[in-house]
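Examination of the molecular architecture
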Amino acid sequence: MSERRRRSPAGGGEQPPGDNGRPGGAGDDELSSGGLGRRRPSGVRETAQQPRMTRAEMRKAGQKGGRRGAAAPAAPAGRGGKPGKKRFIDYPRFGKQGVRRWLPSWKQWLTAFLLVFAAGVGGVFFIYQSTTVPPLKDLVKGQNNIYYWADGSEMTRKGEANRQIVELSDISPNLQNAVIAAENSTFRTDSGVDPVGMMRAVYNMATGGETQGASTITQQYVKNAYLTQEQTLDRKVKEFFITLKINQTTEKPDILKGYLNTSWFGRGAEGAQAAAQAYYGINAKDLDLCQSAMLAGLLKGAGLYDPSLKGNHERAEERWNWILKRMVETNNTTAEERAKCTTFPEPIKVQPSANMNGEISYLVDTANKYVMSKDPKIDARAIDKGGFKIYTTFEKEKVDALKKAVDDVKGETLNLQKRPEQDNWVQFGAASVRPGDGALVAIYGGDGVENQHFDNNADAKGVQVGSTFKPFVLAAAMQIGVQTQTDEQGKPKRINADSRYLSDDKSEIRKPDGSLVIGDDGKPYRQKNEDSGKRGYVSLRQAMQNSYNVPFVQLNQDVGGQNVANIAEAMGVRKESFADPKTPTFALGTSTVSPIRMADAYATLAASGKQADPYSVTKVEVSGKELAGFGKPELKPALEPAVADNLTDVLVNVAKNGTGKLSNGLGRPVAGKTGTTDQNKSAWWVGYTPQLSTSVAMWREDPAKHERLSLNGTGGKDSIHGGDTPTDIFTRYMKVALANEKKMDFPAPQPVGSQVDSSGAPSTASASPSPTMTETAPTTAPEPGAQQPTQQQPQQPTTTQQPACVPGVDCPGTVPTPTQTKSTHPGGGGGGGGGPSPSCIIPGLCTSQQPSPSASTSDPSPTSTKPPKPTTSPSASGGAQPGAAP
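These figures come from a predicted structure and were not determined experimentally. (Residues numbered from 1 in each chain as written. Predicted model: local features only at pLDDT ≥ 70, side-chain atom pairs only at ≥ 80, totals over all residues. Heavy atoms only, no water.)

It is worth spelling out the overall build of the chain at this point. Secondary structure summary: the chain contains 23 helices and 22 strands in total. Going through the 886 residues of the chain one by one, you find that 51% of them count as buried. Of all intrachain contacts in the chain linking residues separated by at least 6 positions in sequence, the fraction that spans at least 24 positions is 72%. Only carbon and sulfur atoms are counted for the fraction: they give 52% of the accessible area of the chain, which is about 40800 Å². (Helix = DSSP H or I, 4+ residues; strand = E, 2+ residues; numbered from the N terminus. Buried < 20%, exposed > 50% of the residue type's maximum accessible area, 1.4 Å probe, protein only. Contact = heavy atoms within 4.5 Å. Areas by Shrake-Rupley, 256 points an atom, 1.4 Å probe, with all protein chains shown as cover.)

Evaluated as defined, the whole model comprises 12 aromatic pairs. Plain terms: the ring middles of Phe469 and Phe472 are 5.0 Å apart, the flat faces sit at 75° to each other, and that makes the pair edge-to-face. Neither Phe469 nor Phe472 differs from the other in exposure class; each is buried. Judged by centre distance (6.4 Å) and plane angle (85°), the ring pair of Phe469 and Phe578 falls under edge-to-face. Of the two residues, Phe469 is situated in the loop between β8 (440-444) and α17 (470-479) and Phe578 in the loop between α20 (561-571) and α21 (595-606); the sequence distance between them amounts to 109 residues. You can call Phe469 buried: its relative accessible area is 0%. Overall, the relative accessible area of 16% leaves Phe578 in the buried class. Cluster of aromatic residues (ring-pair linked, three or more members): Phe469, Phe472, Phe578, Phe586, Tyr602, Tyr688 and Phe746. Geometry around Phe187 places Lys252 over its ring, the cationic atom sitting 4.7 Å from the centre. (Phe/Tyr/Trp six-rings, centres within 6.5 Å; stacked < 30°, edge-to-face > 60°. Lys NZ or Arg CZ within 6 Å of the ring centre and 35° of its normal.)

Turning our attention to the pairing of strand β16 (residues 617-622). On any regular strand, side chains alternate: one points to one face of the sheet, the next to the other face. For strand β6 (residues 388-392) and β16, the ladder comprises 5 bridges, and the chain directions are antiparallel. Residue Phe388 lies in a different strand from β16, and its bridge partner there is Val622. Note: β16 against strand β17 (residues 625-626), 2 bridges, orientation antiparallel. When the bridges of β17 are listed, Val622 appears paired with Lys625. Where β16 folds back onto β17 in an antiparallel hairpin, the turn is made up of 2 residues, including Ser623, whose phi is positive at roughly 55°. (Pairing = 2+ DSSP bridges.)

On the surface, Trp106, Leu110, Phe113, Leu114, Phe117 and Val121 cluster together into a nonpolar patch covering about 680 Å² of accessible area. One can find Trp106 in helix α3 (residues 106-130). (Patch = residues over 30% accessible without salt bridge, like charges linked within 9 Å, V, L, I, M, F, W, Y side chains within 5 Å. Salt bridge = Lys/Arg side-chain N within 4 Å of Asp/Glu carboxyl O.)

Grouped together as the largest cluster of nonpolar side chains are 60 residues, with contacts concentrated most on Leu363, Val371, Phe394, Ile443, Val617 and Tyr733. Sequence-distant contacts of Val371, that is, excluding residues within four places in its chain, are made with Ile378, Ile383, Ile390, Val617, Val620 and Phe630. (Core = buried A, V, L, I, M, F, W, Y, C linked by side-chain atoms within 4.5 Å.)

This model, assessed by the stated rule, comprises 34 salt bridges. For Arg732, the salt bridge is made with Glu412, and the minimal N-O distance between the two is 2.6 Å. In this pair, Arg732 is assigned in helix α23 (residues 725-737) and Glu412 in helix α16 (residues 396-413), connecting sequence segments 320 residues apart. The residue Arg535 makes a salt bridge to Asp531 at a minimum N-O spacing of 3.0 Å. Overall, the relative accessible area of 3% leaves Arg535 in the buried class. Put simply, Lys310, Asp455, Glu701 and Arg708 are held in one network by salt bridges that share partners.

Moving on, we get to the confidence of the model for the chain. For the chain, per-residue confidence averages 78 on the pLDDT scale, and residues scoring 70 or more make up 70% of the total. In the predicted structure, residues 209-213 sits below a pLDDT of 50 and forms 13 contacts with residues beyond four places in sequence or in another chain. In the model, residues 765-886 has pLDDT below 50 throughout and makes 362 contacts with residues more than four positions away in sequence or in other chains. (pLDDT = per-residue confidence, 0-100.)

This paragraph deals with the pairing of strand β20 (residues 682-688). Judged by how many residues are buried, β20 sits mostly within the fold: 7 of 7 residues are covered. Summarising the sheet, strand β19 (residues 671-676) and β20 pair through 6 bridges and their orientation is antiparallel. Each bridged residue has a counterpart across the sheet, and for Ala671 the counterpart in β20 is Tyr688. In this antiparallel pair of consecutive strands, β19 and β20, the connection spans 5 residues, and Gln679 shows a positive phi of 65°. The sheet contact formed by β20 and strand β21 (residues 693-702) spans 7 bridges and is antiparallel. From the neighbouring strand, Tyr688 faces β21, where its bridge partner is Ser693. The hairpin formed by β20 and β21 contains 4 residues between the paired strands.

With that settled, the discussion passes to the packing of α17 against helix α22 (residues 641-657). Interaxial distance between α17 and α22 falls to 10 Å at its minimum, and their mutual angle equals 140°. By the angle between their axes, α17 is oblique relative to α22. In terms of crossing hand, the pair formed by α17 and α22 is right-handed. Across from Pro471, Leu474, Ala475, Met478 and Gln479 in α17, the residues of α22 making contact are Val643, Asn646, Leu647, Val650 and Leu651. (Axes fitted to C-alpha atoms, helices over the stretch in contact; angles between N-to-C directions. Parallel < 35°, antiparallel > 145°, perpendicular 65-115°, else oblique. Left-handed = near helix turned anticlockwise from the far one by under 90°.)

Viewed as axis vectors pointing N to C, helix α4 (residues 173-183) and helix α10 (residues 289-297) meet at an angle of 40°, and their least axial separation amounts to 8 Å. Between α4 and α10, the angle is such that the two are oblique. Relative to α10, the crossing made by α4 is right-handed. Here Asn174, Leu175, Ala178, Val179 and Glu183 of α4 lie close against α10, whose contacting residues are Leu289, Ser292, Ala293, Leu295 and Ala296. Residues of the contact of α4 with α10, tallied by class, amount to 7 nonpolar, 2 polar and 1 charged. (Nonpolar A, V, L, I, M, F, W, Y, C, P; charged D, E, K, R; others polar.)

Once that is clear, we can look at the environment of Arg494. Tracing the chain through its elements places Arg494 in the loop between β10 (492-493) and β11 (500-502). Residue Arg494 is classed as partly exposed on the basis of its relative accessible area of 26%. The spacing of Arg494 and Ala476 is 18 residues in sequence and 8.8 Å in space, taken between C-alpha atoms.

A word on the sheet that holds strand β1 (residues 145-148). Taken together, the 5 strands give an open sheet; going across it, the order is β2-β1-β6-β16-β17, and neighbouring strands pair in mixed fashion. Each edge of the sheet is formed by a strand with only one pairing partner; in this case those strands are β2 (154-158) and β17. Sheet topology note: the β1/β2 ladder contains 4 bridges and is antiparallel. Across the sheet, residue Tyr147 finds its bridge partner in β2, namely Thr156. Contacts from helix α14 (residues 360-374) reach β1, β2, β6 and β16, with the element oriented near 75° to β2.

Bringing unusual backbone geometry into the picture now. Positioned with a positive phi, Ser547 is a non-glycine residue whose angle comes to about 55°. Following the sequence through the fold, Ser547 ends up in the loop between α18 (540-545) and α19 (550-559).

Further remarks concern α16. A rise of 1.5 Å per residue sets the reference length of α16, with its 18 residues, at 26 Å; its end C-alpha atoms lie 26 Å apart and thus fit the reference within 8%. Buried within α16 we find Lys398, Val399, Ala401, Leu402, Ala405, Val406, Val409 and Lys410. On its buried face, α16 is in contact with α14, β7 (426-433), β8 and α23. (Expected span 1.5 Å × (residues − 1).)

This part covers the environment of Gly386. Note that Gly386 resides in the loop between α15 (380-385) and β6. Sequence spacing of Gly386 and Val622 is 236 residues, and the spatial spacing of their C-alpha atoms is 9.2 Å.

With that settled, consider the side chain of His453. Tracing the sequence through the fold places His453 in the loop between β8 and α17. A polar side-chain atom of His453 sits 2.9 Å from the main-chain carbonyl oxygen of Asp455. Dropping the residues within four chain positions of it, His453 is found in contact with Tyr362, Gln427, Gly445, Gly446, Asp447 and Gly448. (Polar contact = N/O pair within 3.5 Å; in protein donor to acceptor, adjacent residues only side chain to side chain.)

A turn of α-helix holds 3.6 residues, and therefore any two residues three or four places apart point the same way. Buried within α20 we find Gly561, Val564, Ala565, Ile567, Ala568 and Met571. Projected down its long axis, α20 carries its buried residues within an arc of 160°, all on one side. Tucked inside the fold, the buried residues of α20 contact α17, α19, α21 and β15 (610-611). Positive backbone phi, at 130°, marks Gly572, one or two positions downstream of α20. (Arc of directions from axis to C-beta.)

Structurally, Arg510 is set in the loop between β12 (507-508) and β13 (526-527). Polar contacts involving the side chain of Arg510 include one to the main-chain carbonyl oxygen of Gly514, which spans 2.7 Å.

This is the structure we're talking about:
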């Protein structure tokens, strides 16, 4: 070592001068920012030129007794002549400063990697060695599902899967090749594991994405035979190791045999033999190429690809064609053989078991769907394998009463001998829900599986609800308000049912900004009512009572279709059921809501605005253990109580005096709304009491094409309306269902909103907020409509000398004829050309003597003078456009 870096022994040698050679002066280190006030230990040479020793030098110095490493940073133990001990793991790293002190060296990284790798290999080896593959015979045990009524008594048993294990030689090579081509084209040569597919599945599970099935036939076989169907990381790990072991210890033909014997094909069939019998009534060894391709398509999901299920046929045929094409591409068949499959092989009809007859199959179907929706680990295959005890909300007496009501009305009205066309293919669907709870106590799903009716009509999709949708529009106007006027805070003004809207047939419809709604033909849209009456401005209460279309189409524009959809969704309607909220006819029920959901939405009104999701299962047990997640749904506020109670009061008037008068036979307070759709393709009644909400739907459907047919002529009637057959069924059922329930009144409605008339409406004596009160209404047309004009501000109340009734609409007596009949006011309000006389506010509507609404059931429209046609003048107070029937 050079003389420059050599240190003097402790306690010896001559001390150099301190500050610039001055004895006793402070050294540079002592006066520096880092060393001020610190003095070196005795025996350490003070020099700014002396560099720090390296770590190696300090260690060597320590080994020699500390003679060269006596500096304080080296090791305090040097004073005793003994160095500090060397650490086994140098972390944090000695002699490093800042971040570098905490960064591992490359040696440490390498060591850590080797340790982890060795542990991983050892763990994999241990798990692989300890993994056992149970014999197949222990894995195909099945048992029944047991379903219970609400009172705990047994309803039925179902679920023991139809299966029969056969040898691979007893399964057609056509099916073997079709399955390989569709599911795993490299099956005969691969290792049985798809690492990329497994990593993708694990990532999806970890991130909450869509789960997916196993990627190879071997993995699917392991999942089918040895594991559950749940999508969890633990099951994926087990699947991986069992797959590796099976692939190493089992021949490919045996794996294929196991897979084809344990795969679920739907219709309760597990295995190729059971599937061949269930779909084609033959043995698996006799399946031809075309049939095999169809069955292979079911492995992706029988619920989606069983062609006998509604809505599946086109999808099933597309997959069938794809599999045949794939078989040619993977050399699992020849192009010549594929060319022989020119017609889709239709399966035979389902053969239901006797204990599923009547409404039982629909009750079981509803309960199964609910269970699968609440627990994602339970799928249709798990249900078919059985082992569940499912306790439902269905009450046997109510289910029987609902079926009897439907059967009795059908027997009295339908006659296939007299009307083989019109009375054929008539369908009914119904559901009954407890308000404030959501319990589904009864449904009517159809004629029964024994009559080859497999679709559950209580959960039907694709049936338009018609005018039963109008209460959602009025609810939105009361809860949110109309955009044509604002309150003191600048928000849309909330209205009540006394607000008046134009109801004339073929009225123009305007947007909130006053512009006309344009139809598909490029012309101003004019909304139709069911009849061609000209009734002028009517209250929304009267419009609901007689189901006028025009007022609610206009009100929907004023509120905003999306706001109406939001209110309906909050009340219980599924979002996917909605038609486009931007269409003018959205208010008229072009949406397709199931009877279950309609009953639940109206139950929200019966519960004063509190919504509960409908549920059909209260408890599920597996192997004696109760599953979590099947508690009663929580109540959610959907509407303000005042809004719900006022709307109920409006619907009480519909049931008492309007299109639902047939429900008066119930003999207790009832509220509800009828619905009839365009071309009379469906008819509805949704009604409720404080204890029960029930919906009844009726339609005709071609079973082959699944197309809706008109109800005109059904039952010998020119047309069927919601106030006819559906209301009759409702009344008969509710009499029995509520026989032991006390009669209850609905809550008295509290004031809500204010009277906000559409533009052009005559002024009234008062427009203050008030609760809606049920009144005796005039005519009860079978579901016409009404309309709301533009967004222009309605005339404010003037004097008490104005009549409280609407001239020309519901005022008895003779109204003076105006001096001028010409008007440029589209909605019938005052306009140019002289204008109306003070005693006649609506020219063309009050030129003749009007009968009292309560004294006549005839069309109250004027007869002596035809009102002027609406124009597109900017000063128009309202308009209308052609549209659909209610």
